[in-house]
Amino acid sequence: MLAYTIRRVLISIPVLIGSSILVFIIGKLLGDPLESLKLRNPPVPRHTIDLENHRLWLDRSWPEQYYLWLKGLVLHGNFGPSVHSTDSIRGELGSALTVTAKLVVVSVIVAVTLAIITGVISAIRQYSAFDYSATFMSFLFFSMPVFWFAALLKAGGIWYNQNVNADTFGTIGDKSVLIGDVSFSDASFGQQLGNIVGHMILPTIALSLAGYAAWTRFTRASMLEVMNSDYVRLARAKGLRSRRVLVRHSLRNALIPLTTVTALDIAALLGGAIITETVFQWHGMGNLFRTGLQDKDVYLLMGWLLISATIVILFNLIADLLYGVLDPRIRHA
Amino acid sequence: MPEPSNTAPTTTVTAPETPGVQPGQVEREFTVRERSQWQQAGRRFLRHRLAVGSLSIFLLLVVFAFLGPLVWKYKYTTITPDNSVGPRLGHPFGTDNLGHDLFAEVMRGLQQSIKVALLIAVLATTVGALWGVFSGFYKGLVDASLMRFADLLLTIPQLALAAGLANHFGGTWWIIGIILGGLSAPYVARVVRGMVLSLREREFIEAARALGASDMRLMLVHLVPNAMAVVIVNATLLVAGGVLGETALSFFGFGIQSPDTSLGLLVSAGQGAVLTRPWLFYFPGLFIILFALSVNFIGDGLRDALDPQQTRQRR
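Below you will find a few notes about this structure. (Residues numbered from 1 in each chain as written. Chains lettered and ligands numbered in written order. Predicted model: local features only at pLDDT ≥ 70, side-chain atom pairs only at ≥ 80, totals over all residues.)

What about the overall build of chain A?
Item 1. Along the backbone of chain A there are 14 helices and two strands.
Item 2. In chain A, which comprises 333 residues, the share counted as buried stands at 37%. (Helix = DSSP H or I, 4+ residues; strand = E, 2+ residues; numbered from the N terminus. Buried ≥ 20, exposed ≤ 12 C-beta atoms within 10 Å, placed from the backbone.)

Let's talk about helix 1 (residues 2–29) of chain A
Item 1. With 28 residues, helix 1 of chain A extends 41 Å from end C-alpha to end C-alpha; this agrees with the ideal 40 Å at 1.5 Å per step.
Item 2. The complete set of buried residues in helix 1 of chain A reads Ser19(A), Ser20(A), Val23(A), Phe24(A) and Gly27(A).
Item 3. Taken together, the buried residues of helix 1 of chain A touch helix 4 (62–76) and helix 13 (298–326) of chain A together with helix 5 (140–154) of chain B.
Item 4. Positive phi appears at Gly31(A), one or two residues downstream of helix 1 of chain A, with a value of about 140 degrees. (Expected span 1.5 Å × (residues − 1). Contact = placed C-beta atoms within 7 Å.)

A word on the interface of chain B and chain A
Item 1. Taken together, the contact pairs 35 residues of chain B with 39 residues of chain A.
Item 2. Mapped by element, the contributors of at least two residues to the side of chain B that touches chain A are helix 5, helix 6 (158–169), helix 10 (228–252), helix 12 (279–306) and helix 13 (308–314) of chain B.
Item 3. A per-class count over the side of chain B that touches chain A returns 22 nonpolar, ten polar and three charged. (Nonpolar A, V, L, I, M, F, W, Y, C, P; charged D, E, K, R; others polar.)

Some remarks on the nonpolar core
Item 1. One finds Phe147(A), Ala150(A) and Ala162(B) to be the most contacted residues of the largest nonpolar core, which totals 153 residues.
Item 2. Among the elements that line this core, the one with the most residues is helix 4 (residues 102–138) of chain B, at 18 residues.
Item 3. Each residue touching Phe147(A), except ones within four places of it in the same chain, is listed here: Ile275(A), Val279(A), Ala248(B), Phe251(B) and Val267(B). (Core = buried A, V, L, I, M, F, W, Y, C linked by C-beta atoms within 7 Å.)

With respect to unusual backbone geometry
Residues and elements named next belong to chain A.
Item 1. With a phi close to 65 degrees, Tyr127 is a non-glycine residue in the positive phi region.
Item 2. Relative to the helices and strands, Tyr127 is located in the loop between helix 5 (89–124) and helix 6 (129–142).
Item 3. Even without being a glycine, Gln281 presents a positive backbone phi close to 55 degrees.
Item 4. On the neighbour-count criterion, Gln281 (14 C-beta atoms within 10 Å) is partly exposed.

Considerations on helix 2 (residues 49–66) of chain B
All names here are of chain B.
Item 1. Its 18 residues give helix 2 an end-to-end C-alpha distance of 26 Å, which sits within 8% of 26 Å, the value for a rise of 1.5 Å per residue.
Item 2. Burial in helix 2 covers these residues: Ala51, Ser54, Phe58, Leu61 and Ala65. Take helix 2 and look down its axis: the buried residues cluster within an arc of 80 degrees, on one side only. Those residues of helix 2 that are exposed and aimed more than 90 degrees away from the buried face are Arg49, Ser56, Leu59, Leu60 and Val63.
Item 3. Looking at the buried positions of helix 2, the neighbouring elements they touch are helix 1 (37–47), helix 3 (68–71), helix 4 and helix 12. (Arc of directions from axis to C-beta.)

Structural data, given as structure tokens:
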């Protein structure tokens, strides 16, 4: 297992380097960071533009810029200079990532749990009314735009709050500025927690939906395949209890491919998180990317893309390692 | 489902004593007519009621989007004197606060979404299939470099990348189609490569090679058609995904730009009015769902029709 782990980790390093080159080139294609400065009226003195050019490394060649960017990143953890000279890109990315990670992690847990439960029931009761309605629902969720459903949930939350005259669901931001009359940081821990949970419910449902739809179909297919296999028939023939056959022999094997699929879908889920955050006005990665695009803050965008790429590569690695743990055939191959 | 196979021996019974049959004519009552693989797939698809129903809804939506604007009395840019009215006879879907007729806007938006989605599917399928075939056929260094590049592209969230590129290169429908199509191509390439890797070892390829077929001929005449079933099913999924991608991009503000309109843009404009003027929010959204759902069901029917072996496990 150790050799397998080391091999997998070593393989991800060139991928990461390749990814950083690709991200750098894409960042360069996304626009000129000094565009707004150059178009400013009355015109900015030539000297100011030269200074900014120098500060943003734009007076150097692309390979030099890439080298400086990577050096700062690896040695100091800096993401390069922002167009707003006072901003720290690392700080902005860090706080945005915390907000988004909270949403994504909870949504994945909710979606995977529900997907396994309905997928397994659908497989056991194949062609039953439950199976047909679950299939139809997953098709429906799969065809439903995340932003539309999120906006619908948001409106539903507002309507509920108005009618019950309470603030059960938070619909703007990931927490309130004021809880009752006191500011968020002065409120008791219980109030803070309740507030955060209230703000998370609707975005989590919105984001879980697409993942749930895909994963429940996958669980069902994978479960059916295992249940029709010879070793499950053997387990039945041996006279094992059906619960034991189901959990120990079928489910455990059926879930192996699901880990890979879930980990590989993480890129799509990050995309969904961007949309959900936009609807619920969270200050997460989606909001940061949008402001980065508007300001043409190329190093911010590069950092953003690199972090997402790193997360995806990391999850691919985790999927590979988990696969190795769960399925001995892989690590000995 | 037992399907009369085209390889089954045809039972031709010559029965001169049967009344109504001229002497010397072959009696056809017990014969099984030969059907090609595609004819069989077509018959299987037509038997799939949900898929056929979805296909008719899909065609109706296309007619609605492309012919509707020619006959409807308002254009999507027309500002009518009625502002903020609910659905009624003159305005089946109501109007917005400026007086735009939502029925006309939805038709235009659907038209733009369909155009983008089809472009995405065609582009991603063509590029991805060639990418995958080259990669799988040549193996070695070509394969490694082509597939590593695909892997790299897939590590970056598609929506973010598309938003950035669309923001820079402009928001007309074909640019968005090219961006999203190009970014979807690696998915198709992966699938096709997997198929080609196993197909290229089969005897019919060896036979074609022994007959002196060139690499190009092997790839385009022998490998691509054999991967076609999977590619077609994938293409329908790309159409559905394409509509969702385009509308999400437009909703996000980086897709199709006003004064033109798209279903995503309409939902974005209507999202603040869910409780006050719900028609502005529901109609564009329902058309996105209807379109994506019909395409997904068509894809499901096609998968069952084109790949009966897979069906036994999938359904």
